[in-house]
Number of protein chains: 2
Amino acid sequence: MPETTYITSRKNEWIKEISGLVRSAEKRHAQGLFVVEGARLCLDAARSQVPVLALLFTEQAEEKYRTYVQQIREKAQQICCISPSVAELISDTRSPQGIFCLCRMPTGEERNTPKMPDCPGKYLAVENMQDPANLGTVCRTAEALGIAGVILLGECCDFYSPKALRAGMGAAFRLPVFFSSSFAAAKPEWEKGGFVTFAAVPARDAQPVTHLSFPEKSIMVIGNEGNGLLTETIAGCEKRVTIPMLGRAESLNAAASASILMWEMMRTAVQEDENDG
Amino acid sequence: MPETTYITSRKNEWIKEISGLVRSAEKRHAQGLFVVEGARLCLDAARSQVPVLALLFTEQAEEKYRTYVQQIREKAQQICCISPSVAELISDTRSPQGIFCLCRMPTGEERNTPKMPDCPGKYLAVENMQDPANLGTVCRTAEALGIAGVILLGECCDFYSPKALRAGMGAAFRLPVFFSSSFAAAKPEWEKGGFVTFAAVPARDAQPVTHLSFPEKSIMVIGNEGNGLLTETIAGCEKRVTIPMLGRAESLNAAASASILMWEMMRTAVQEDENDG
């Protein structure tokens with residue numbers, strides 16, 4: 001196991017770099033690195049295939065989260081004990097737990113992500129999703145329901161932002177994730193693989209999700225929180241699907257719609273699974 | 001229409017009281033008052049039956065949200081133009097829009113809330129829900145799906161907190177809401193009304209929600225984010241219901257579970273509605 005080093009200065013260059021990674025998506029993607037904060041989330045990272053370059057913790061955190069720290073240590077390439085004031089500098093929360101992992105963004109292979117067209121399943125694609133808490137929640141729900149993977153299309157918020165990681169509760173480390181610059185760029189490969197695409201729209205003339213059946217290779221495409229899907233994306237999908245509602249439909253938020261749509265995709269499979277058991 | 005008064009001092013006693021209402025649930029409930037922030041949400045309040053005691057706005061906000069301010073003015077008993085520094089004092093957000101309503105908590109009658117046992121429908125009850133954003137989201141989803149009302153049991157976070165109001169997007173002003181000190185206290189009245197209660201539990205031996213049908217008088221009871229329902233509440237419900245999942249079930253958060261459970265309660269009604277149309 002690597003030796004523990006000690007950093008107490010907020011002016012330490014490496015600490016400044018880590019703080020930069022916490023604040024800036026650009027820096028994260030330029031370096032392929034991101035920061036995980038909190039005992040539970042750091043352990044989730046350590047237990048996954050995500051490469052943990054360093055574990056940083058305060059003495060207080062080591063005491064409070066001893067079993068966490070012990071387990072994470074074994075996966076970390078570098079161990080660093082930091083002062084509370086350094087912890088504050090690299091934290092994204094108001095009351096930092098004082099435990100962090102510096103991680104490298106995993107390659108598809110490290111994430112056990114198959115080439116999608118070869119891997120049947122029900123996928124969720126999100127287009128231009130802006131709110132990191134929504135993105136995290138959607139990933140978390142996708143993992144719970146057994147969605148095969150999540151695809152980020154266009155200009156989504158950063159998958160590796162502290163807020164998205166926190167809302168995702170570790171789903172980011174385990175769920176197959178794909179990135180594509182746009183629906184148009186991704187579509188040909190999906191078609192080649194035999195995937196059917198469903199555009200989620202709040203339109204009365206779209207097919208109610210309760211009337212649809214989802215083939216083994218399905219992709220549900222949901223849009224931006226305020227504006228929904230791009231017109232060309234809706235046009236490019238095989239089907240338009242909507243959630244029929246008896247109440248005030250405009251009230252359903254992006255994460256709640258995504259939950260219901262993913263649930264409906266998995267509903268038949270869940271029932272078959274129960275009948276088998 | 002009342003005349004516009006001007007307040008620029010952060011030491012103004014009334015402003016200090018309003019600021020207290022923003023920060024403290026205790027003060028809100030002692031006085032039966034709460035504060036709504038943001039143009040959209042203030043308009044939602046003004047359009048509802050909620051009594052608007054005062055509208056407060058900065059000059060900048062009046063310019064930027066002119067049509068909102070005009071509509072809200074007509075409902076407000078008092079109009080007050082405030083300085084940006086006063087707006088900061090009574091704001092719960094980092095970048096205040098500079099528009100606020102001081103409101104009185106509506107009575108059940110003002111909210112058009114019927115005595116529950118007389119009013120069939122599918123209700124959601126939440127027990128000891130702690131996170132105001134979750135509570136707001138749940139109310140917002142309930143309204144969208146056409147849930148008849150939301151019941152807060154036990155020690156829930158404050159329904160009128162700025163965070164809950166924000167996440168609820170105005171659902172708090174429109175949705176029938178009931179408060180009860182505990183499940184045990186509420187149960188006799190529900191029974192008298194002929195309601196069937198469903199305890200949402202993450203248990204493999206509970207009935208899968210996909211196998212259940214919900215009678216016209218149903219109450220789904222969901223628990224605290226971390227600990228779920230109280231043992232005595234589960235025991236007191238007629239049925240135990242669970243969401244069958246193919247993935248990592250522990251990953252589903254409270255708001256997502258509530259969305260799926262409410263959706264399943266309304267699913268049959270939605271399909272019947274479509275067949276009628």
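On a predicted model such as this, the values are computed, not experimentally measured, just so you know.

1. Thoughts on the side chain of Arg-267 of chain B
Here is step 1 of the chain: For Arg-267 of chain B, the position within the fold is in helix H12 (residues 254–276).
Here is step 2 of the chain: The residues contacting Arg-267 of chain B, other than those within four sequence positions of it, are Thr-210, Glu-264 and Arg-267 of chain A.

2. Some thoughts on the side chain of Ser-24 of chain A
Residues and elements named next belong to chain A.
Here is step 1 of the chain: Within the secondary structure, Ser-24 is located in the loop between helix H1 (13–23) and helix H2 (25–31).
Here is step 2 of the chain: A relative accessible area of 18% places Ser-24 in the buried class.
Here is step 3 of the chain: Here the side chain of Ser-24 touches Glu-26 through a polar contact of 3.3 Å, landing on its backbone nitrogen.
Here is step 4 of the chain: Polar side-chain contacts of Ser-24 include one of 2.9 Å to the backbone nitrogen of Lys-27.

3. Some points on the pattern of salt bridges
Here is step 1 of the chain: Taken as a whole and assessed by the stated rule, the structure comprises 26 salt bridges over all chains.
Here is step 2 of the chain: Among the salt bridges present, the one from Asp-158 of chain A reaches Arg-28 of chain A, with a minimum N-O distance of 2.6 Å. Here Arg-28 of chain A lies in helix H2 and Asp-158 of chain A lies in the loop between strand S7 (149–153) and helix H8 (162–168), a separation of 130 residues in the sequence.
Here is step 3 of the chain: In this structure, the salt-bridge partner of Glu-264 of chain A is Arg-267 of chain A, at a minimum N-O distance of 3.9 Å. Remark: Arg-267 of chain A and Glu-264 of chain A occur in helix H12 (residues 254–276); sequence separation between them is 3 residues, near one turn of the helix. Neither residue differs from the other here; Glu-264 of chain A and Arg-267 of chain A are each classed as buried.
Here is step 4 of the chain: Residues joined by salt bridges that share partners form a network here, namely Arg-40, Asp-44, Glu-143 and Arg-174 of chain A together with Arg-248 of chain B.

4. A few points about the relation of the copies chain A and chain B
Here is step 1 of the chain: By a simple turn and slide, chain A fits onto chain B: the slide is 0.0 Å along the axis, the RMSD is 0.0 Å, and the turn is 180°. The two molecules are tied by a two-fold rotation axis, judged by turn and shift. Identified as the residue of chain A closest to the rotation axis by C-alpha distance is Ile-260 of chain A, at 2.9 Å.
Here is step 2 of the chain: By residue overlap, the copies meet face to face through one surface: 100% of the interface positions of chain A are interface positions in chain B.

5. Describing the packing of aromatic side chains
Here is step 1 of the chain: Under the definition given, this model contains 18 aromatic pairs over all chains.
Here is step 2 of the chain: Ring centres of Phe-34 of chain B and Tyr-160 of chain B lie 4.5 Å apart, and the angle between their planes is 40°; on these two criteria the pair is classed as tilted. Of this pair, Phe-34 of chain B sits in strand S2 (residues 33–37) while Tyr-160 of chain B is found in the loop between strand S7 (149–153) and helix H8 (162–168), placing the two residues 126 residues apart along the sequence. Accessibility assignment for this pair places Phe-34 of chain B and Tyr-160 of chain B in one class, buried.
Here is step 3 of the chain: Each ring, one from Tyr-123 of chain B and one from Phe-178 of chain B, has its centre 6.0 Å from the other, and the planes form 65°; the classification is edge-to-face. You can see Tyr-123 of chain B sitting in strand S6 (residues 121–127) and its partner Phe-178 of chain B sitting in strand S8 (residues 177–180), a full 55 residues away along the chain. For the pair Tyr-123 of chain B and Phe-178 of chain B, a shared accessibility class is recorded, and that class is buried.
Here is step 4 of the chain: Here the aromatic cluster, defined as three or more aromatic residues joined through ring pairs, consists of Phe-34, Phe-159, Tyr-160, Phe-173 and Phe-179 of chain A.

6. Some details on the interface of chain A and chain B
Size of an interface: often given as the accessible area lost when the parts come together.
Here is step 1 of the chain: Contact residues are listed per partner, giving 36 residues for chain A and 36 residues for chain B.
Here is step 2 of the chain: Each partner contributes to the roughly 3100 Å² buried at the junction of chain A and chain B, and carbon and sulfur atoms together form 58% of this total.
Here is step 3 of the chain: Joining chain A to chain B, the criterion identifies 4 salt bridges.
Here is step 4 of the chain: The salt bridge involving Glu-143 of chain B is made with Arg-248 of chain A; its shortest N-O contact spans 3.9 Å.

Cut-off values and rules
- Residues numbered from 1 in each chain as written.
- Chains lettered and ligands numbered in written order.
- Predicted model: local features only at pLDDT ≥ 70, side-chain atom pairs only at ≥ 80, totals over all residues.
- Heavy atoms only, no water.
- Helix = DSSP H or I, 4+ residues; strand = E, 2+ residues; numbered from the N terminus.
- Contact = heavy atoms within 4.5 Å.
- Buried < 20%, exposed > 50% of the residue type's maximum accessible area, 1.4 Å probe, protein only.
- Polar contact = N/O pair within 3.5 Å; in protein donor to acceptor, adjacent residues only side chain to side chain.
- Salt bridge = Lys/Arg side-chain N within 4 Å of Asp/Glu carboxyl O.
- Least-squares fit on C-alpha atoms with pLDDT ≥ 70 in both.
- Phe/Tyr/Trp six-rings, centres within 6.5 Å; stacked < 30°, edge-to-face > 60°.
- Buried area = accessible area lost by both parts, 1.4 Å probe.

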